[in-house]
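Given next are the chains, with one letter for each unit.
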Amino acid sequence: EKWGLGFNSRPLNHARQLFTRAYASGASIQTLCASLAEEGIASQSLLEERRATMLVEKFTILIAGGLIVPVLLGVMVGVVASLAIPSTSEWISSTPDLLPAALVSIRGYLALYALIASAFVGLQEGKPANAALYALILLPLAQVAYTLGKWFVGSAAL
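Residues numbered from 1 in each chain as written. Predicted model: local features only at pLDDT ≥ 70, side-chain atom pairs only at ≥ 80, totals over all residues. Heavy atoms only, no water.

Draft legend 1. Broad picture of the overall build of the protein chain. Secondary structure summary: the protein chain contains five helices and zero strands in total. Mapped in sequence order, the helices and strands of the protein chain form the string α-α-α-α-α. The buried share of the protein chain, reckoned over its 158 residues, is 22%. Long-range contacts, defined as pairs at least 24 residues apart, comprise 70% of the intrachain contacts of the protein chain with a sequence gap of at least 6. For the protein chain, the accessible surface area stands at approximately 11300 Å², while carbon and sulfur atoms represent 71% of it. (Helix = DSSP H or I, 4+ residues; strand = E, 2+ residues; numbered from the N terminus. Buried < 20%, exposed > 50% of the residue type's maximum accessible area, 1.4 Å probe, protein only. Contact = heavy atoms within 4.5 Å. Areas by Shrake-Rupley, 256 points an atom, 1.4 Å probe, with all protein chains shown as cover.)

Draft legend 2. Fine view of a nonpolar patch on the surface. A cluster of nonpolar residues, Leu55, Phe59, Ile63, Leu67, Ile68, Leu72, Leu133, Leu136, Ile137 and Leu141, forms a patch on the protein surface that exposes about 920 Å² of accessible area. Contributions of two or more residues to the nonpolar patch are made by helix 2 (29-82) and helix 5 (130-157). Considering each element in turn, the nonpolar patch owes the most residues, six residues, to helix 2. Here Leu72 shows up in helix 2. (Patch = residues over 30% accessible without salt bridge, like charges linked within 9 Å, V, L, I, M, F, W, Y side chains within 5 Å. Salt bridge = Lys/Arg side-chain N within 4 Å of Asp/Glu carboxyl O.)

Draft legend 3. Main features of the packing of aromatic side chains. Under the defined criterion, the tally for this structure stands at one aromatic pair. Summarising the aromatic geometry, the rings of Tyr109 and Tyr113 are spaced 5.9 Å apart at their centres and angled 50° between planes, so their arrangement reads as tilted. Remark: Tyr113 and Tyr109 occur in helix 4 (residues 98-125); sequence separation between them is four residues, near one turn of the helix. Residue classification places Tyr109 among the partly exposed residues on the basis of a relative accessible area of 41%. Owing to a relative accessible area of 29%, Tyr113 belongs among the partly exposed residues under this scheme. When the ring centre of Phe59 is taken as origin, the NZ or CZ atom of Lys58, which lies over that ring, is 5.5 Å away. (Phe/Tyr/Trp six-rings, centres within 6.5 Å; stacked < 30°, edge-to-face > 60°. Lys NZ or Arg CZ within 6 Å of the ring centre and 35° of its normal.)

Draft legend 4. Focus on the environment of Leu55. Inspection of the secondary structure assignment puts Leu55 in helix 2. Assessed through its relative accessible area of 45%, Leu55 is described here as partly exposed.

Draft legend 5. Representation of the packing of helix 1 (residues 10-25) against helix 2. Contact geometry of helix 1 with helix 2 gives a least axis separation of 10 Å together with a crossing angle of 165°. The pairing of helix 1 with helix 2 is recorded here as roughly antiparallel in orientation. Remark: the crossing between helix 1 and helix 2 carries right-handed chirality. Together, His14, Ala15, Leu18, Phe19 and Ala22 of helix 1 and Ile29, Leu32, Cys33, Leu36 and Glu39 of helix 2 make up the contact between the two elements. Its residues assigned to classes, the contact of helix 1 with helix 2 comprises eight nonpolar, one polar and one charged. (Axes fitted to C-alpha atoms, helices over the stretch in contact; angles between N-to-C directions. Parallel < 35°, antiparallel > 145°, perpendicular 65-115°, else oblique. Left-handed = near helix turned anticlockwise from the far one by under 90°. Nonpolar A, V, L, I, M, F, W, Y, C, P; charged D, E, K, R; others polar.)

Draft legend 6. Structural detail: helix 1. Taking 1.5 Å of rise per residue, the 16 residues of helix 1 would be expected to cover 22 Å, and the 22 Å separating its terminal C-alpha atoms lies within 8% of that figure. Residue Gly26 follows helix 1 closely and has a positive phi angle near 80°. (Expected span 1.5 Å × (residues − 1).)

Draft legend 7. Summary view of the nonpolar core. Within the largest apolar cluster, seven residues are counted, these being Ile61, Leu62, Ala114, Ala117, Val121, Tyr134 and Leu138. Top element by residues in this core is helix 4. It accounts for three residues. Residues contacting Leu138, with those up to four places away along its chain left out, are Leu62, Gly65, Gly66, Ala114, Ala117 and Ser118. (Core = buried A, V, L, I, M, F, W, Y, C linked by side-chain atoms within 4.5 Å.)

Draft legend 8. Examining the side chain of Ser118 more closely. Within the secondary structure, Ser118 is located in helix 4. Here Ala114 takes part through its backbone oxygen, which lies 2.7 Å from a polar atom of the side chain of Ser118. If near-sequence neighbours (up to four positions away) are discounted, Ser118 is found in contact with Ala131, Tyr134, Ala135 and Leu138. (Polar contact = N/O pair within 3.5 Å; in protein donor to acceptor, adjacent residues only side chain to side chain.)

What follows is the structure, given as structure tokens:
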């Protein structure tokens, strides 16, 4: 019977092979254990670094989708709306449906951005069902942040 049978673990198989070879060759088990411990510590360090990087990436995507991008778009729309440029207002008044369509499309873009960010983070975590939870939070948050960004510029101009 093989030792470790039923365990499909790369580190366990590697350790088993090293112990078997060390026993067969008469090599020092102490040196072998020290090298296995160093490998384990290095692997654990890499895993922790990867988890930290993924956590930073996750929150960056969620904060960008729910706050940063919507607020920046709201501020930009508020600034453009507060500008008094005669040629622009004449052009907009000649095409009255353009501005409302642009404002609705911005809200649609924010919704799409929030959905994509939610799906990406859910898939990144390996839990696609979490995407729905993130979307439930990001969709309204993005719309509120956009409205606050527009309102902030409008209130600052007063």
